[in-house]
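Understanding the architecture of this molecule
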Amino acid sequence: MKAINPTTGETLSEYPEHSSPEVTRRLEGAARAFVEWRRTSFGDRAGPLRAVATILRQRQAELARLMTLEMGKPIAQSESEVEKCAGACEYFAENAERDLTVESVASDAARSFVRYDPLGPILAVMPWNFPLWQVIRAAAPALMAGNVLVLKHASNVPGCADELERVFADAGFPSGVFQQVRIPGAAAEALVDHPAIAAVTLTGSDAAGRALGARAGRALKKTVLELGGSDPFLVLADADPMQAATQAAAARIINNGQSCIAAKRFIVERPLAERFEWLLGQRMARLKLGDPLDRATELGPLARPDLVDALERQVQESIKAGARLVTGGARPQRVGSFYAPTVLADVHPGMPAFDEETFGPLAAVIVAKDAPDAVRLANQSGFGLGASVWTSDEARGEALAREIEAGSVFVNGIVKSDPRLPFGGVKRSGYGRELGLWGMREFVNIKTVWIGRRSGSPGDGIE
């Protein structure tokens, strides 16, 4: 596997794939490690997870630089990602026992209660766009629940995968509790069938989710799928247009526009549409494109050349279908996988900029007649991951949030993940939840324990 710098196109390093016998050895090692790890206390698990947080902070500079070199995000965002990972480790180390403690339930038993027992080795198929965060947010709650984790990371960030494995080992996790298998994406599905794997979590495209979810379904193994998004950013007529446009640009270019929860469809009530479009176009046109290691850079390259090709197709096909180019719409004349920050107006359903997930700095402006029409357009998508509503009337924003089909709706705020809150989607954006209490309980056996009186108790004959 090759790590290629998307800023320069140069090969950074090469990593040998694991052989089939090595993959089998690691899966069997995970199964053996689970036997002991599941019996540890929450305190035993929290210690090394807190150590992960400490090590992440100690190695922040080198880990951030590695992320930026391998996939191109601006260095300040890479540094923030490392800190977010450390904070999440501390959160789950602190709160797992509270969220997974045995719960007594009154019934006809002398005693009855619910336990949250671990399932076993979890296969985590993770993407390249947040090379550390996506892994940590899956691993931390899973390990604290008593599971073990087998990571299949994206092939273009092999260095990040290696460093994560090293961090967990250096933190004191026993052998086999956290490990990677270095295999190509096409080989990941076959791992689902291995008897060592108890459940699967995947963050990726809806196509990848369909394939892996189908495979797991045939094997009757639990899955959590966090897939793509085409997040709407609703601007109501009472919003501050300058603030909305400034936040819109920031929401669109997070991670160079390569985030499932980046705002992509900017749905604006008609009275504000012309002003918003002009302000957003001005802000996007002024973005500084360049080397993501340069702290003055606001927008770096896309992670791979094929992603530039895909974005260019979406822009050109949308223009052919009637969209109007406000700014951008071309590849800069420079080395690397860059695409100019782009705004399209007059976007409608049926255009790629409306219907598809756009992974890159493309903002699609859509005009709504009124607030109900804005909600209708927001929901006229196969995706349902995140959404935001911008308004001066908080109560109105909250009311509209109830109508929007998405896993997260933010009012007057950019959509983000938070260890304290559930994260996931509906429709083609997947199912299940990560993070918070809800993520903690995804990969556990919610077990009823019923203890009768000495005289015994008859059943009721009903399943």
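Residues numbered from 1 in each chain as written. Predicted model: local features only at pLDDT ≥ 70, side-chain atom pairs only at ≥ 80, totals over all residues. Heavy atoms only, no water.

Concerning the sheet that holds strand β6 (residues 148-152)
Stated precisely, the cut-off is as follows: Here a strand pair is declared whenever DSSP counts at least two bridges between the two strands. Helix and strand assignments follow DSSP, with helices taken as H or I runs no shorter than four residues and strands as E runs no shorter than two, numbered in order from the N terminus.
Taken in spatial order, the six strands make up an open sheet running β7-β6-β5-β8-β9-β19, and their pairing is mixed. Where the open sheet ends on each side, the last strands, each with one partner, are β7 (178-180) and β19 (430-431). Bridge count for strand β5 (residues 121-125) against strand β8 (residues 199-203) is four bridges, and the pairing is parallel. Residue pairing for β8: Ala124 is matched across the bridge by Thr201.

Things to note about the pattern of salt bridges
As a reminder, the rule being used: The salt bridge definition used is simple: a Lys or Arg side-chain nitrogen within 4 Å of an Asp or Glu carboxyl oxygen. Under the scheme applied here, a residue whose accessible area is under 20% of the maximum for its type counts as buried, over 50% as exposed, and between as partly exposed, the area being computed with a 1.4 Å probe on protein chains only.
This structure, assessed with the given rule, holds 33 salt bridges. Across the pair Asp306 and Arg304 runs a salt bridge, and its minimum N-O distance is 2.8 Å. Between Arg420 and Asp418 there is a salt bridge, and its shortest N-O distance comes to 2.7 Å. Here Arg420 falls in the exposed class, since its relative accessible area comes to 54%. Salt bridges sharing common partners tie together Glu22, Arg25, Arg26 and Glu165.

Topic: the layout of surface pockets
Worth spelling out the cut-off: Grid spacing is 1 Å over the protein atoms alone, the probe is 1.4 Å, and a cavity is where that probe fits but cannot get out, while a pocket is an open set with protein on both sides within 12 Å along at least five of seven lines and lining residues have an atom within 4 Å of a point. Grid points are joined across faces, edges and corners, and a volume is the space filled by probe spheres set on the points. Charged residues are taken to be Asp, Glu, Lys and Arg, nonpolar residues to be Ala, Val, Leu, Ile, Met, Phe, Trp, Tyr, Cys and Pro, and polar residues to be all remaining types, Gly included.
The calculated volume of the largest pocket comes to roughly 880 Å³. Lining the largest pocket we find 35 residues, and of these Trp128, Gly204, Ser205, Ala208 and Arg304 sit closest to its centre. Elements represented by at least two residues in the lining of the largest pocket include exactly α7 (188-192), β8, α8 (206-218) and α11 (305-320). Ranked by residues supplied to the lining of the largest pocket, first place goes to α11 with six residues. For the lining of the largest pocket, the class distribution of residues is 16 nonpolar, nine polar and 10 charged.

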